[in-house]
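Chain and residue survey
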Amino acid sequence: SSGINAEYGGYSNSDQLYILDMKTLKWRVVHLEGGSIEGGYGHSISICNGYLYIYGGCDGFHYFNTMNKICLKRWHNTGIYRHGHEGRYRHESIEHDGKIMIFGGGCPTPIEDLGTIPYFCTKTDTWHVMKAKSAHNPPGRVAHSCNKIAGYVIVTGGQAQMETMMGETNFALSDMWLFDLEYSTWSPLQVQLPQGIFFHSGAVAGDHCLYTFGGSTYNDRGTVQRLNVLYKINFYVPSLVELAWTVFHEEFKHLSRLKMVEIGVPTYLIHRV
């Protein structure tokens with residue numbers, strides 16, 4: 001809704017904030033007033049009511065527990081708010097009803113429990129903690145994806161740890177969980193990803209589908225393998241138009257845009273090609 005996409009930091013421990021204008025699809029670097037942000041990676045970004053919120057992360061040695069609040073109109077870092085607990089990275093954040101909710105992550109061990117969800121109230125600039133009311137909660141994880149659809153948060157995949165005779169072992173998760181934002185309860189989805197993945201990206205499109213792309217997994221030798229696979233999951237029954245378009249595009253994807261116009265395909269569908 002803000003018309004921008006924000007990217008900050010990365011593995012080079014950059015402290016630069018990059019903004020993508022969604023209309024022109026051009027990137028630019030923003031120079032903040034009021035003080036720069038700690039350079040790092042593994043943080044999360046959320047937008048709420050004209051402000052950009054950047055939480056946590058790591059510089060390779062220290063794990064941050066700070067929330068930076070940046071005014072999008074003036075590009076001014078208006079405040080730094082510390083959480084009372086240890087810092088974390090490789091978590092995810094979701095904005096809901098003026099709250100920036102933090103899911104998972106770690107520093108790097110222990111991995112944070114998903115039954116306890118810290119959140120930052122943007123109305124009062126204060127930290128609080130929410131406890132899940134479900135009987136069973138998903139296992140803690142890092143490097144997962146978190147997306148909001150309707151009144152739910154979808155947590156997909158990630159990396160977890162298991163204690164073995166050789167010590168702590170990392171493994172990739174393929175499960176998917178729904179967090180009900182009204183009742184604060186977790187429930188597992190019956191569907192799972194074809195393989196465990198972590199460090200992937202997830203996005204919910206206007207068709208109420210979850211798209212999950214890329215990331216890493218563990219191969220049969222136990223080493224990390226990078227992925228370039230795109231998964232799509234429908235959370236609602238698609239409309240007849242969407243169902244028809246899916247079949248049409250699969251069968252006639254060789255057709256040019258001009259030919260689609262000639263045979264009467266709606267313009268807004270042609271623009272997807």
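Everything below is about the structure shown above.
Throughout what follows, the structure given in this document is the object of discussion. The shown structure was predicted, so the numbers you read here are calculated from the model rather than taken from an experiment. (Residues numbered from 1 in each chain as written. Predicted model: local features only at pLDDT ≥ 70, side-chain atom pairs only at ≥ 80, totals over all residues. Heavy atoms only, no water.)

**Re the nonpolar core**
Membership of the largest hydrophobic core comes to 15 residues, with the highest contact counts inside it found for Met101, Phe103, Ile117, Val153, Phe179 and Trp186. Those elements that place two or more of their residues in this core are β9 (99–103), β10 (116–121), β13 (152–164) and β14 (167–180). Those residues in contact with Phe179, other than ones at most four positions away along the chain, are Met101, Phe103, Ile117, Met130, Ala132, Gly151, Tyr152, Val153, Ser184, Thr185 and Trp186. (Core = buried A, V, L, I, M, F, W, Y, C linked by side-chain atoms within 4.5 Å. Buried < 20%, exposed > 50% of the residue type's maximum accessible area, 1.4 Å probe, protein only. Helix = DSSP H or I, 4+ residues; strand = E, 2+ residues; numbered from the N terminus. Contact = heavy atoms within 4.5 Å.)

**A closer look at helix α1 (residues 240–251)**
Under the 1.5 Å per step criterion, the end-to-end length of α1 is 17 Å for twelve residues, consistent within 8% with the ideal 16 Å. Restricting attention to buried positions, one finds in α1 the residues Glu242, Trp245 and Phe248. Along the long axis of α1, the arc covered by the buried residues comes to 130°, so they all point the same way. Opposite its buried face, α1 presents the exposed residues Leu240, Val247, Glu250 and Glu251, each directed more than 90 degrees away. Its buried side turned inward, α1 meets α2 (257–262) and α3 (267–270). (Expected span 1.5 Å × (residues − 1). Arc of directions from axis to C-beta.)

**Description of the pairing of strand β17 (residues 209–213)**
Two faces make up the sheet, and in a regular strand the side chains alternate between them. Note that strand β16 (residues 201–204) and β17 share four bridges and pair antiparallel. Bridged to Gly202 within β17 is Thr212. Here β16 folds back onto β17 in antiparallel fashion, the turn holding four residues, of which His208 has a positive phi close to 60°. Pairing of β17 with strand β20 (residues 230–234) involves five bridges; the strand directions are antiparallel. By the bridge assignment, Leu210 is partnered in β20 with Ile233. (Pairing = 2+ DSSP bridges.)

Function-wise, these values are silent; they only describe arrangement.
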